[in-house]
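Per-entry structural report
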Amino acid sequence: PRARAAAGAVSRVIGTSSAGGRDAPGGSGGGWAVGKSTFLRLLGRAFPEWRLVAEPVAQWQKVAAGAEEAPGSGNLLQRLYQEPSRWSFTFQTFSCLGRLKAQLERPAGPAAPVRVFERSVYSDRYVFAKNLFETGHLDMLEWAIYQEWHSFLLQELGDRATLHGFLYLRATPQRCLERLWRRARVEERGVQLLYLQQLHMQHEHWLLERRTKVHFADMRHMPVLVLDVDGDFEQDAAMQDILMAQVCGVHVGALLWLELESASIVPTSRLL
Ligand SMILES: Nc1ncnc2c1ncn2[C@@H]1O[C@H](COP(=O)(O)OP(=O)(O)O)[C@@H](O)[C@H]1O
Ligand SMILES: Nc1nc2c(ncn2[C@H]2C[C@H](O)[C@@H](COP(=O)(O)O)O2)c(=O)[nH]1
């Protein structure tokens, strides 16, 4: 039954037609360790025709240019957490470039009806980079330069870089911290609840309250499907079905943008 439901959703999304007649990218977003990869796996099972694009964490852990240096020297993620003020600008440049490349990529073969990205060039700016600036790890000059090239590139790329909607995965920062511990990534050992709370707040301002000043007209009214993932759905087939049905019911134009983020709990998912 789950597979049939998925097929129905896909045909509806196709029916909305995509920019340039191509596949329809969408974004996922949500907090750090909220369960994005786990959720993407569920989406993959429910919607096998969709193309799901995971975040390239392994690339950040071993940047090619540093691969021949001393062990660990090419690990940008590690450097970021060890010396955030030194490495934040470098990290945001590299992460945003990777996200943009992924978004512009047109894989060979038949176009997928929907593309879903684990994070986007928008969360790069309106969540992470913004937060790093507000907490003093990007200075004013770095923030200005980052915004300058970000705006320029996205405006130049126009429709090619536009998304059609966001899936916002919400859980409390405390729940994200528990999942972060469970995942036990070495680089993240020193991460504190406060950092997750800051990122949570950025997501709330941007995707839920729409208080964040965004610089792209089509971003301002982007549909956002909020999904409550605070509960443990990993082993709960019924809860998984409910989540997939919610995704299934969304019509977000040609582009479904899945932004997987963390936040406090909402009683039910809803499309804003
Ligand atoms: N809904 C959930 N309930 C319980 N555990 C979860 C849930 N979602 C994810 N997890 C667990 O939390 C950890 C982080 O999940 P992951 O999907 O890797 O997060 P993200 O991709 O957002 O960083 C993993 O160990 C995963 O098994
Ligand atoms: N400073 C930034 N950190 C980022 C960004 N995107 C991801 N991350 C970090 C957070 C985690 O340590 C790791 C991936 O986390 P997941 O929860 O997605 O697995 O990378 C960013 O743009 N800036």
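These lines cover the structure that appears in this document, whether it is placed above or below. Numbers given for residues are sequential positions, taken from 1 along each chain in its written order. In the order they appear in the text, chains get letters beginning with A and ligands get numbers beginning with 1. Whole-chain, interface and lining totals are the exception, using all residues; otherwise, since this is a predicted model, local features are given only for residues with pLDDT of at least 70 and side-chain atom pairs are given and counted only at 80 or more. Only hydrogens and water are removed before side-chain values are computed, so all heavy atoms of the structure are retained for them.

What about the overall build of the protein chain?
Counting secondary structure elements, the protein chain contains 11 helices and seven strands. Contacts are assigned to residue pairs with any non-hydrogen atoms lying within 4.5 Å of each other. Intrachain contacts of the protein chain at a sequence separation of at least 6 include 81% that bridge at least 24 residues. Here the protein chain displays about 12500 Å² of accessible surface, and carbon together with sulfur accounts for 57% of that area. We count a stretch as a helix when DSSP gives it H or I for four or more residues in a row; a strand needs E for two or more, and each element gets its number in order from the N terminus. We get accessible surface area from the Shrake-Rupley algorithm with a probe of 1.4 Å; when it comes to residues, only the shown protein chains can shield them.

Some thoughts on the environment of V53
With respect to the helices and strands, V53 occurs in strand β2 (residues 51–53). Along the backbone, V53 and G190 are 137 residues apart, and their C-alpha atoms lie at a distance of 28 Å. The residues contacting V53, other than those within four sequence positions of it, are L40, A102, V116, F117 and E118.

Let's talk about the site of ligand 1
Taken together, 15 residues form the shell around ligand 1, and within it S37, T38, R182, R183 and E234 come nearest. Counting of polar contacts relies on pairs of N or O atoms within 3.5 Å, with two restrictions inside protein: one atom must be capable of donating a hydrogen and the other of accepting it, and residues adjacent in sequence are counted only when both atoms are side-chain atoms. Within the contact set of ligand 1, an oxygen atom lies 3.3 Å away from a backbone nitrogen or oxygen of A33. Within the side chain of T38, one N or O atom sits 2.6 Å away from an oxygen atom of ligand 1. Its free accessible area being 560 Å², ligand 1 has 89% of it covered by the protein chains. Only protein atoms enter the 1 Å grid, on which a cavity is a set of points fitting a 1.4 Å probe that cannot get out and a pocket is an open set with protein on both sides within 12 Å along at least 5 of 7 lines, lining residues being those with an atom within 4 Å of a point. Each molecule is assigned to a cavity or pocket provided more than half of its atoms lie within 2 Å of the corresponding grid points. Judged by its atoms lying within 2 Å of the grid points, ligand 1 is housed in the largest pocket. Counting only elements with at least two residues in the shell around ligand 1, the list comes to α2 (36–46) and α8 (173–183). Three residue categories are used. Nonpolar comprises Ala, Val, Leu, Ile, Met, Phe, Trp, Tyr, Cys and Pro, charged comprises Asp, Glu, Lys and Arg, and polar comprises the others, including Gly. Looking at side-chain class alone, the shell around ligand 1 contains three nonpolar, five polar and seven charged residues. Any residue with a heavy atom lying within 4 Å of a molecule or strand is counted as near it.

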